[in-house]
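# Breakdown of the fold
Given next are the chains, with one letter for each unit.
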Amino acid sequence: MKFFMAQTASLLLFVVPQVADAGTTMRTGGKAFAPPAFASFCTSEPRLCRTGGGSKLVVLQPEKASELQQVNRAVNARIRERSDLANVGRDDDWRVPTAYGDCEDFAILKKRELLKRGWPASALLLTVARYRGQGHTVLTVRTSEGDLVLDNMTNSVRDWSRTPYDYFARQSQSNGRYWERIDGARRI
């Protein structure tokens, strides 16, 4: 009996934290305005703006989680942070970076890299937030474990609700040219 209780207690140590740390998804609540430079970006890179079709979320098997980590780290290591003004002479310019870029450029490159690896566009959503009074863009990946964020400010892939940002809009899963307001979190 003592052995059974010890095994049960040991099992609970592994199961309970997973339940307590269950992920969250973004609850959306209607239309939002896209960032100003987004429209011209979509004209030049329509494939990277698409979100429709395919699976709406990715089942997060260990190899998929590892792939997210690899892409996040590789892009963060390869691209150097530089403002759009310093990089291209404009305040807001969305593009696929080659050597330098700011937050949205990192997110765009991460989306492109995941698309090349076969991830569905409908699960890869450019997302805007505020951090310390400034605008910030990340890539949100819709998974069976919740909405995960790939961010140029950290090599960690985290649940969106466990980041320091105030999220306000993301691309629509059904049509990437449209954006939706983020109204809070929903536990999965």
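The text that follows walks through the structure, step by step, so that each part is easy to find.

Conventions adopted
- Residues numbered from 1 in each chain as written.
- Predicted model: local features only at pLDDT ≥ 70, side-chain atom pairs only at ≥ 80, totals over all residues.
- Heavy atoms only, no water.
- Helix = DSSP H or I, 4+ residues; strand = E, 2+ residues; numbered from the N terminus.
- Contact = heavy atoms within 4.5 Å.
- Areas by Shrake-Rupley, 256 points an atom, 1.4 Å probe, with all protein chains shown as cover.
- Disulfide = S-S within 2.5 Å.
- Buried < 20%, exposed > 50% of the residue type's maximum accessible area, 1.4 Å probe, protein only.
- Pairing = 2+ DSSP bridges.
- Expected span 1.5 Å × (residues − 1).
- Arc of directions from axis to C-beta.
- Salt bridge = Lys/Arg side-chain N within 4 Å of Asp/Glu carboxyl O.
- Polar contact = N/O pair within 3.5 Å; in protein donor to acceptor, adjacent residues only side chain to side chain.

Scanning the chain for helices and strands turns up 6 helices and 9 strands. Excluding contacts between residues fewer than 6 apart, the proportion of contacts in the chain whose partners are at least 24 apart in sequence is 64%. Split by element, the accessible area of the chain, about 10100 Å² in all, is 55% carbon and sulfur.

Before going further, it helps to spend a moment on the state of the cysteines. Taken as a whole and assessed by the stated rule, the structure comprises 1 disulfide. Between the sulfur atoms of C42 and its disulfide partner C49 the distance amounts to 2.0 Å. Across the S-S bond of C42 and C49 the torsion is about -100°, and the bridge reads as left-handed. What makes C42 buried here is its relative accessible area of 1%.

Right, let's get into the sheet that holds strand β9 (residues 179-187). In spatial order, the strands read β1-β9-β8-β4-β5-β6-β7; together these 7 strands make up an open sheet with antiparallel pairing. Edge strands, defined here as strands with exactly one partner in the open sheet, are β1 (24-32) and β7 (158-159). One ladder, built from 8 bridges, connects strand β4 (residues 124-131) with strand β5 (residues 134-143); its direction is antiparallel. Its bridge partner being in β5, L124 is matched across the sheet by V141.

Another point: unusual backbone geometry. For R132, which is not glycine, the phi torsion reads 55° and is therefore positive. If you trace the backbone, R132 turns up in the loop between β4 and β5. By relative accessible area, which is 73% here, R132 ends up exposed.

Further remarks concern helix α4 (residues 62-78). Compared with the 24 Å implied by 1.5 Å per residue over 17 residues, the 24 Å span of α4 between its first and last C-alpha is a close match. For α4, the full list of buried residues reads E67, L68, V71, N72, V75 and N76. Across the axial projection of α4, the buried residues extend over an arc of 150°, all falling on one side. Every exposed residue of α4 that faces more than 90 degrees away from the buried side is listed here: P62 and E63.

Where charged atoms of side chains with opposite charge meet at close range, the side chains can pair. This model, assessed by the stated rule, comprises 10 salt bridges. The closest approach of N and O atoms between R181 and D183, which form a salt bridge, is 3.1 Å. Assessed through its relative accessible area of 37%, R181 is described here as partly exposed. Beyond isolated ion pairs, a larger network of salt bridges with shared partners links R142, D147, R170 and E180.

On to helix α6 (residues 103-116). One turn of an α-helix holds 3.6 residues; hence residues three or four places apart share an orientation. For α6, built from 14 residues, the straight-helix expectation of 20 Å at 1.5 Å per residue is met to within 8% by its first-to-last C-alpha distance of 20 Å. Counting buried positions over the 14 residues of α6 gives 12, a clear majority of the element. Among the residues of α6, C103, E104, D105, F106, A107, I108, L109, K110, K111, E113, L114 and L115 are the ones counted as buried. Looking one or two places after α6, you find G118, whose phi comes out positive at around 95°.

Let us now look at the environment of N87. Summarising the element assignment, N87 is placed in helix α5 (residues 84-88). For N87 and G101, which are 14 residues apart along the polypeptide, the C-alpha to C-alpha distance reads 7.0 Å. Excluding residues that lie within four positions of it along the chain, N87 makes contacts with R82, Y100 and G101. A distance of 3.4 Å separates the side chain of N87 from the backbone oxygen of Y100, its partner in a polar contact.

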